[in-house]
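Letter by letter, the chains look like this.
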Amino acid sequence: MYLNCKTYFSFRYGTFGTEELVKQAAETGASSLAITNINNTCDAWDFYEFCIQQQIKPILGTEVRNGDLFCYILLAMDLSGFEEINRFLSLHLQQDIPFPQRPQLSNRVWIIYPFGKHSPAGLLYNELIGVQPSEITRLYGINVNAYAGKFVVRHPVSFQDKTHFNLHRLLRAIDKNVVLSKQQPEHTGAISECFVLPAQLFQAFRAYPAIITNTLQVIDSCDVQLEFNTDKNKKQFTAGKEDDRILLEKLTLDGLQYRYGNNREAAERVRKELKIINDLDFSAYFLITWDVIRYAQSRGFFYVGRGSGANSIVAYCLQITDVDPIELDLYFERFLNPYRASPPDFDIDFSWKDRDEVIDYVFKRYGKDHVALLGMYSTFQRSAIIRELSKVFGLPKNETDSIIERSDSNLHADAYQKYILHYGKLMENFPNHLSIHPGGMLISEAPIYTYTAVELPPKGFTTTHIDMFVAEKLGLHKLDILAQRGLGHIKEGIQLVRQNKGVSIDIHNVEKFKKDKQVAGQIRNADTIGCFYIESPGMRQVLKKLCCDDYLTLVAASSIIRPGVAQSGMMRQFIYRFHNPDKFEYLHPKMKELLEETYGVMVYQEDVIKVAHHFAGLDMGEADILRRAMSGKYRSRNQFIRIREQFFANCKTYGYTDDLAKEVWRQIESFGGYSFSKAHSASFAVESYQSLFLKTYYPMEFMVAVINNFGGFYITELYFHELKRTGANVLAPCINEGHYLTSIKGRDVYVGLIHIQGMEEKMALQILEERGRHGSYVHLSDFIERTSVALEQLNILIRTGALRFTGKNKKELLWEANFLQKKNKQHVPARASMFLEQPVEFKLPQLNQHPLDDALDEIELLGFPLCDVWELADTDTSAFLASSNLPDHLNKTVQLVGYFITTKEVRTVKHEIMYFGTFLDKQGNWLDTIHFPDALRQYPLQGKGFYILKGKCVEEFGVYSVEVSYSRKIGLRKRESST
């Protein structure tokens with residue numbers, strides 16, 4: 001009877017959770033149920049599973065709408081019908097064209113129109129008319145018996161009760177971006193769209209038993225069958241499974257010789273892995289990944305294969321990863337084993353500039369009917385909920401901001417705040433709209449439409465309606481094609497070194513980098529700005545505390561910096577034990593046996609599996625579920641609770657004390673959502689070494705590459721500061737010498753035009769294109785004539801110093817530019833001057849340009865000055881201590897002056913805010929500060945600028961910081977004289 005049910009995946013319309021809908025249907029007495037979310041099939045398979053669990057027959061379909069206009073319901077008779085529905089939705093969603101009034105679909109799909117839209121006389125076999133209980137009176141006068149087979153019961157179900165109907169109205173107002181008082185009737189559903197008992201529906205249609213009979217026949221005809229948790233990825237790379245096995249073996253043995261030579265241990269492990277891969281039917285999966293890597297290599301793209309895939313020696317031999325699993329004692333079973341409760345996946349990072357081309361290759365290589373990006377859902381969370389509901393209620397922005405800043409317990413000042421609190425709680429975690437998974441791609445054997453509809457977001461690649469959890473349940477294993485800026489740093493750095501120094505670098509010779517003493521010194525001194533993953537203030541402190549100068553320690557450092565380890569206190573324990581291996585006791589002899597490499601501290605996800613399996617006796621499948629739950633990749637809360645109970649029960653059986661079991665569990669739980677696999681950390685460390693090598697030997701080119709890829713922990717200003725420290729001569733933008741991006745020639749570096757705030761990209765590129773065609777600009781008039789530059793853009797260029805080639809200062813140029821532009825109001829198309837005429841000479845009074853004026857212009861237009869920033873501080877810096885002198889003042893009160901870089905906000909045990917600050921001192925060195933809540937309240941940091949800082953000098957593992965008790969922001973130096 002329930003052929004038109006929606007969940008909250010009818011975005012900003014339905015209010016049922018998927019499982020909640022099915023459970024309420026079961027309580028109502030439903031024996032069958034149809035999911036018909038508006039223009040999507042997002043949760044169809046979750047719905048399918050929940051129905052099976054409740055012994056309800058699932059019917060899969062969709063409700064088709066053009067805006068607010070309800071068009072029809074589509075119901076799948078079988079899996080091919082569901083595929084047809086998905087294709088139909090996808091076609092119209094991708095092309096953004098209205099749905100037709102009468103779709104042309106096969107007899108495997110039921111089409112149910114609203115009552116009154118079409119005459120039953122002209123309908124095809126699979127076309128029906130849905131009649132709501134409220135519409136029964138409209139049947140009078142119609143010869144229903146003559147067309148009995150064309151009418152079915154349609155009772156929409158969209159929300160639970162009156163309260164949720166009100167929530168539905170709020171969601172619709174949010175969707176329409178209107179205040180509630182302006183909401184129109186057509187924007188919302190009817191208040192009656194709740195479950196009613198089947199007996200009530202039978203009673204309502206008692207005068208038309210043929211309609212009930214026909215409805216039941218439609219329900220009987222729908223039978224979608226699909227087996228979960230079976231491999232549905234592309235099954236073959238070559239002509240067949242055996243050919244895949246042979247090719248994978250050949251490629252791996254070739255790679256084995258390249259990676260290891262005649263190494264017996266490696267050869268034995270290769271044979272073992274190849275057997276498991278073949279037995280579990282993963283040969284094609286490895287070959288497809290290898291094929292993607294081969295394409296990337298042919299295009300000169302840099303990449304990093306990471307994640308659990310780096311546990312595989314086969315992946316190492318295929319050059320999918322550069323992590324040696326034997327060197328790091330990485331076990332293959334972490335990636336692939338018969339006990340794994342979930343399929344593995346490869347994570348491959350490409351430069352942000354190259355990733356889209358790699359994705360495009362996968363679509364073209366394996367076919368658009370079989371490839372899609374993986375979808376995910378943006379959900380409503382507290383701040384967004386308050387903002388949206390405040391708009392619906394018509395509250396002003398300042399009141400909205402005030403509500404967001406206060407806790408929920410204080411939201412009772414007036415009725416609107418009560419409404420926001422009440423309905424906001426109901427809305428929390430509702431899906432808001434379809435989004436794109438950061439990198440997941442699906443390559444299916446059957447057409448992707450068999451499982452999901454797809455849309456075409458602005459990125460230009462089709463994206464599934466299902467998310468990673470549903471895909472995994474179905475048996476579709478994602479391939480992660482990810483983007484990061486760090487690889488862009490490396491790729492462009494190598495190109496700049498080749499251009500500027502004439503040197504070619506083999507960046508994949510990581511073993512050489514690991515043994516390089518200068519690179520080791522760079523890590524030990526935490527001189528890592530711009531280097532992937534190891535440049536943040538926290539990471540630099542960890543490197544110093546560990547005196548890190550080798551690969552294995554860097555791998556560990558990449559993991560212990562993660563919040564799970566750090567916040568549990570285990571990061572400090574690791575560092576202490578690292579320096580004092582004989583001055584601590586393991587929790588238990590078994591923990592020493594399992595975690596001796598990491599001094600008894602769980603650092604990696606593999607440690608969770610080892611402890612759960614070998615210490616607490618969970619089987620490998622349960623241990624893997626626990627690991628996934630701790631990394632946020634498992635969503636069955638009930639299963640997690642069961643495993644936790646099993647953990648403690650097993651510990652009791654083994655005779656462990658309650659305190660021991662609780663402490664081990666605490667350490668496991670502290671990983672929640674933040675732990676790395678060891679292979680993941682090792683992959684990051686490889687990329688860190690590649691960056692470090694470039695920074696050590698080619699620091700100027702490397703830092704220009706970092707600047708041009710706009711990626712890193714810090715703002716652009718700091719990277720230019722770091723560039724100046726390498727000895728580079730950093731120059732203002734120049735229209736004759738510079739480029740759109742920052743460029744280097746010898747030691748001279750020209751800031752790119754892209755950094756000029758207010759500079760239009762089209763104008764900047766036009767200037768450079770004209771220069772390329774007809775040569776450098778000769779003088780101001782020549783520049784204006786050839787570019788037809790607008791006055792505002794011209795003034796910006798002059799103020800940044802981009803026209804200094806003229807030999808005139810900014811004030812002179814600004815005066816002349818404004819005169820010439822007024823004289824030539826009618827701009828002509830950009831062209832080269834026919835004759836190199838001498839420019840008009842202006843007789844002007846002496847217009848002096850003060851260096852401070854230049855700095856202020858640069859701060860306004862570039863965001864930072866090009867001079868030594870300390871020349872601008874309005875204080876005598878010699879009166880303050882330098883950070884390099886802190887070791888001589890341990891536990892003493894010190895006073896320094898710092899240039900603000902960044903802060904990290906943390907919450908104390910009392911939920912108060914405190915900061916860890918990062919400044920540059922007067923010598924350009926790092927100054928780390930701690931701002932406890934009391935001091936922060938009294939002396940808040942006020943953004944970018946210079947600060948006098950006073951406090952106690954403290955030390956931890958050789959790293960010095962200042963516990964700030966007083967701070968004061970100071971201004972910029974005033975001009976000594978003006979003309």
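The paragraphs below set out a description of the structure included in this document. In every chain, residue numbers begin from 1 and rise along the written sequence. A pLDDT threshold of at least 70 governs which residues receive local features in this predicted model, and a stricter bar of 80 or more applies before side-chain atom pairs are shown or counted, although totals over entire chains, interfaces and linings include all residues. Heavy atoms throughout the structure, all of them, feed into the side-chain values; hydrogens and water do not.

1. A word on the sheet that holds strand 14 (residues 729-731)
Okay, so step 1: Pairing between strands is defined by DSSP: at least two bridges between the two strands are required. Each helix is a run of DSSP H or I of at least 4 residues and each strand a run of E of at least 2, with the numbering of both proceeding from the N terminus. Taken together, the three strands give an open sheet; going across it, the order is 14-16-15, and neighbouring strands pair in mixed fashion. The open sheet terminates on both sides in strands that have one partner only, identified here as strand 14 and strand 15 (743-745). Ignoring which end each strand starts from, the neighbouring axes of this sheet average 25° apart.
Okay, so step 2: Both strand 15 and strand 16 (residues 748-750) contribute to a ladder of three bridges, which runs antiparallel. From the neighbouring strand, Ile-744 faces strand 16, where its bridge partner is Val-749. Where helices are involved, their axes are fitted lines through C-alpha atoms of the stretch in contact, as for all axes, and angles between N-to-C directions lie from 0 to 180°.

2. Digging into empty space enclosed by the protein
Gaps left between atoms show up when a probe the size of a water molecule is rolled over them.
Okay, so step 1: Both cavities and pockets are sets of points on a 1 Å grid over the protein atoms alone; in a cavity a 1.4 Å probe fits but cannot get out, in a pocket the set is open with protein on both sides within 12 Å along at least five of seven lines, and lining residues sit with an atom within 4 Å of a point. Grid points are joined across faces, edges and corners, and a volume is the space filled by probe spheres set on the points. Within the structure shown, the criterion is met by two cavities of 30 Å³ or more.
Okay, so step 2: Roughly 100 Å³ of volume is contained in the largest cavity.
Okay, so step 3: Of all the secondary structure elements, the ones that give two or more residues to the lining of the largest cavity are strand 7 (303-306), helix 16 (485-501) and helix 28 (678-697).
Okay, so step 4: Residues were grouped as follows: Ala, Val, Leu, Ile, Met, Phe, Trp, Tyr, Cys and Pro as nonpolar; Asp, Glu, Lys and Arg as charged; and all remaining residues, including Gly, as polar. The residue inventory of the lining of the largest cavity, partitioned by class, reads eight nonpolar, five polar and one charged.

3. Examining the sheet that holds strand 17 (residues 893-907)
Okay, so step 1: Spatially, 17-18-19-21-20 is the arrangement adopted by the five strands of the closed barrel, whose pairing is mixed. The sheet shows a mean angle of 50° between the axes of neighbouring strands, direction not considered.
Okay, so step 2: Sheet topology places strand 17 next to strand 18 (residues 913-920); eight bridges connect them, and they run antiparallel. Across the sheet, the residue bridging to Val-906 is Met-914, located in strand 18.

4. Focus on the side chain of Asp-347
Okay, so step 1: Positionally, Asp-347 belongs in strand 8 (residues 347-351).
Okay, so step 2: Any two residues having at least one pair of non-hydrogen atoms within 4.5 Å are treated as being in contact. Not counting residues within four places of it along the chain, the set of residues in contact with Asp-347 comprises Val-304, Gly-305, Arg-306, Gly-307, Asp-480 and Leu-482.

5. Details of the pattern of salt bridges
Between side chains of opposite charge, a pair can form when the charged atoms approach closely.
Okay, so step 1: Whenever Lys or Arg places a side-chain nitrogen within 4 Å of a carboxyl oxygen from Asp or Glu, that contact is recorded as a salt bridge. Scanning the model with the defined rule gives 62 salt bridges in all.
Okay, so step 2: When the shortest N-O distance is used, the salt bridge between Arg-773 and Glu-769 registers 2.9 Å. Taken together, the residues Arg-773 and Glu-769, both in helix 31 (residues 761-774) and four residues apart, mark about one turn of the helix.
Okay, so step 3: Buried means the residue's accessible area, taken with a 1.4 Å probe over protein chains only, is under 20% of the maximum for its type, while exposed means over 50%, and partly exposed covers the values in between. Looking at Arg-773, the relative accessible area reads 49%, which means it is partly exposed.
Okay, so step 4: What makes Glu-769 partly exposed here is its relative accessible area of 48%.
Okay, so step 5: Residues joined by salt bridges that share partners form a network here, namely Arg-12, Asp-68, Arg-172, Asp-175 and Lys-176.

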